Amino acid sequence: MNVPNHVAIILDGNGRWAKSKKMPRTYGHVVGCDNLEKICYMARDLGIKYLTVYAFSTENWKRSRDEIDGLMKLFRRYLKRCIKSSRENEMRVRVIGDTTAFDEDIQESIRVLEDYSKDYDKLHFQIALNYGSRNEIVRAIQKLSKDVKNGKVMEAKITEEVFESYLDTAGIPDPDLLIRTSGEQRLSNYLLWQLAYTEFYFTDVPWPDFNKMELVKAIEQYNSRDRRYGGVKEGTSCSKQD
Ligand code: IPE
Ligand code: IPE
Ligand code: MG
């Protein structure tokens, strides 16, 4: 099986999954969080090099106080447990998004985890927390404008590559495959710049039920696609003379 280099996932459907079991939404997040741990082992086993998951959006603050509190509790526990899975998977973990909105102890756990895992390279795992693509782009423009002002970057030299280097995903290749679970077919402000040429896969399976078989199904479907860039097949290009 030809495995995509970078898989991005929108982890959706925890609440509906819990509801279908007559359980509170928070229970869905607990099981979803356990599944997030499992997906890293699956990705590593399959030989995926980059995995980027959407776990909490800039819009998710609109949810009830109770749900937010439950999620923060889960993030606290998850970020600590992730040290072990980063070691076992030899996986580098990075958090993308504006993490300054989180309580100081959560920010500290993020720093510890990123620092602990920084030399691993079997799997690169990005967790999007308080992430919104529009917010990421605005923050990138703010950083870039500062560098133009202080003379580090010349306005005329701003290219797509230069701009990308100011995004949270700097240095990470664009996703090849985007998966969204639980039936919705929208991006919800996820990686708008980075997904420009990504193949999309939508499944009705809710995130807590998304297992290795479902991941393999998504990859097989991806493999049956005819990827093109500008009308040209992947890996080929014609010179002007042709
Ligand atoms: C995804 O599940 C997890 C987060 C956004 C934190 P949801 O909580 O969105 O579950 P549904 O979509 O309401 O079922
Ligand atoms: C997107 O899911 C964000 C995450 C999965 C973290 P949502 O459930 O919040 O998205 P919408 O509101 O249905 O678009
Ligand atoms: Mg949802």
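Above this note sits the structure.
Now for a look at the structure at hand. (Residues numbered from 1 in each chain as written. Chains lettered and ligands numbered in written order. Predicted model: local features only at pLDDT ≥ 70, side-chain atom pairs only at ≥ 80, totals over all residues. Heavy atoms only, no water.)

1. Topic: the side chain of Q194
By the secondary structure assignment, Q194 is in the loop between β5 (177-180) and β6 (199-202). Since its relative accessible area comes to 3%, Q194 is described here as buried. Of note is the side chain of Q194, whose polar atom sits 3.3 Å from the side chain of E136. Each residue touching Q194, except ones within four places of it in the same chain, is listed here: Y131, S133, E136, L167, T169, D174 and P175. (Helix = DSSP H or I, 4+ residues; strand = E, 2+ residues; numbered from the N terminus. Buried < 20%, exposed > 50% of the residue type's maximum accessible area, 1.4 Å probe, protein only. Polar contact = N/O pair within 3.5 Å; in protein donor to acceptor, adjacent residues only side chain to side chain. Contact = heavy atoms within 4.5 Å.)

2. Description of the pairing of β5
Side chains of β5 alternate between two faces, with L177 and I179 and L178 and R180 buried alike. Where strand β1 (residues 6-10) lies against β5, 4 bridges are found, and the strand directions are parallel. Bridge pairing links V7 to L177 in β5. Pairing analysis gives 4 bridges linking β5 to β6, with the strands arranged parallel. Bridged to I179 within β6 is Y201. (Pairing = 2+ DSSP bridges.)

3. Side note on the pairing of strand β4 (residues 123-131)
Counting buried residues along β4, 9 of its 9 residues qualify, which places the element largely inside the surrounding structure. By the bridge criterion, 6 bridges tie strand β3 (residues 91-96) to β4 in an arrangement that is parallel. Residue R94 lies in a different strand from β4, and its bridge partner there is Q126.

4. Details of the site of ligand 2
In the vicinity of ligand 2, the contacting residues are I10, L11, D12, Y54, A55, F56, S57, N60, R63, R180, R186 and S188. Between ligand 2 and the protein, one listed contact pairs an oxygen atom with a side-chain N or O atom of N60 at 2.8 Å. In isolation ligand 2 offers 390 Å² of accessible surface; the protein chains occlude 78% of this area. The element contributing the most residues to the shell around ligand 2 is strand β2 (residues 50-57), with 4 residues. Here the residues of the shell around ligand 2 sort into 5 nonpolar, 3 polar and 4 charged. (Near = heavy atom within 4 Å. Areas by Shrake-Rupley, 256 points an atom, 1.4 Å probe, with all protein chains shown as cover. Nonpolar A, V, L, I, M, F, W, Y, C, P; charged D, E, K, R; others polar.)

5. Looking at helix α4 (residues 104-117)
In a regular helix each residue adds 1.5 Å, so 14 residues correspond to 20 Å; α4 covers 20 Å between its end C-alpha atoms and thus fits that length. Buried residues belonging to α4 abut α3 (65-89), β3 and β4. (Expected span 1.5 Å × (residues − 1).)

6. Considerations on the side chain of T181
Take T181: it is sitting in the loop between β5 and β6. Given a relative accessible area of 0%, T181 falls into the buried group. Not counting residues up to four positions away in its chain, the partners in contact with T181 are I10, L11, D12, T203, V205, P206, W207 and F210.

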